[in-house]
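If you want the building blocks of each chain, they are given just below.
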Amino acid sequence: DPRLRQHLSKVYGCLAATCSTATVGSLIHLSGIWEAGLLSALASLGLILGMVFTPDNGKNFVQRFSMLMGIGLFTGHSLGLLLEQVIYMNPAIVVTALVGTTTIFACLTASAFFAKRGKYLYLGGILMSALSTMALINLGNLFFRSYIVQDISLYLGLIVMAGFVLFDTHMIMEKHRMGSNDFIGHSLDLFYDVISIFRRLLVILAQREDNNERRKRKSN
């Protein structure tokens, strides 16, 4: 469908712009111009609420696109804290996480494109249930502080967010077929899938690097 292809090109164009803005936000923190903190997280949350209460009406493109860029900027800025720690440990981890995130997203997006219509829509309930269960487990783990539970939650979270790429991509296509042209809102869904995968890969790779360093120290 040419109209669907045109819609998807707008979605992924906005996604690329948002990721670029997130990169700028991270660089702002890493360069020391403005360090991330509670303010950047609150700003991102406020802009998300602004997007929710400003539905697409065909005339507010500039306003909603500005909100989307702001969300990308402040989300990347808050991510700078994690990036700072990982870069101090080993800068190569960031490159590996970027390549891994891009590969995962590209492969799953292609899988969603070539799958039968609506094939992955059933994942919605499963993924939301998994997220709710993980939230309860993490809440309980605040008291028990089990590293095993933490690792399981981390890897399971990566699998769940990868599943959301399939589900959200199919949902975007189905919503467009039903008349929704809100490519800005659709790109926001995919942006948080990408950021969530990237963040979890950073943590997983950083943990592996830390474990390798500990083994080397013990062997020496």
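Fair warning: this is a prediction, and the values are worked out from it, not measured in the lab. (Residues numbered from 1 in each chain as written. Predicted model: local features only at pLDDT ≥ 70, side-chain atom pairs only at ≥ 80, totals over all residues. Heavy atoms only, no water.)

Participant: Explain the side chain of Thr-21 to me, using residue names and the numbers behind them.
Facilitator: Locating Thr-21 in the fold gives a position in helix H1 (residues 2-30). With near-sequence residues (within four places) excluded, Thr-21 lies in contact with Met-69, Gly-72 and Leu-73. (Helix = DSSP H or I, 4+ residues; strand = E, 2+ residues; numbered from the N terminus. Contact = heavy atoms within 4.5 Å.)

Participant: Run through helix H5 (residues 123-144), naming residues and quoting values.
Facilitator: With 22 residues, H5 extends 31 Å between its outermost C-alpha atoms, agreeing within 8% with the 32 Å of an ideal straight helix rising 1.5 Å per residue. Buried within H5 are the following residues: Leu-123, Gly-124, Leu-127, Met-134 and Asn-141. Relative to the axis of H5, the buried residues are bounded by an arc of 115° and lie together on one face. For H5, the exposed residues lying more than 90 degrees away from the buried face are Leu-136 and Phe-143. In the core, the buried residues of H5 are packed alongside helix H6 (147-177) and helix H7 (183-219). Remark: Arg-145 follows H5 within two positions and exhibits a positive phi of approximately 55°. (Expected span 1.5 Å × (residues − 1). Buried < 20%, exposed > 50% of the residue type's maximum accessible area, 1.4 Å probe, protein only. Arc of directions from axis to C-beta.)

Participant: Lay out the UniProt feature "transmembrane region" (unreviewed entry) in the protein chain in plain terms, naming residues and giving numbers.
Facilitator: Here, the residues flagged by UniProt with the feature "transmembrane region" (unreviewed entry) are residues 36-53, 65-83, 89-113, 120-140 and 152-173. From the first C-alpha to the last, residues 36-53 spans 26 Å; its make-up is 83% helix and 0% strand. (UniProt positions renumbered as here; feature names shortened; annotations may be inferred.)

Participant: Let's hear about the packing of aromatic side chains: which residues, and what values?
Facilitator: Here the structure, examined in full by the defined rule, presents 7 aromatic pairs. Ring geometry for Phe-61 and Phe-65: centres 5.5 Å apart, planes at 20°, overall stacked. Within this pair, Phe-61 and its partner Phe-65 are both found in helix H3 (residues 61-89), separated by 4 residues, close to a single helical turn. Given the relative accessible area of 40%, Phe-61 is considered partly exposed. Here a set of aromatic residues connected by ring pairs shows up, and it is made of Tyr-12, Phe-105 and Phe-113. (Phe/Tyr/Trp six-rings, centres within 6.5 Å; stacked < 30°, edge-to-face > 60°.)

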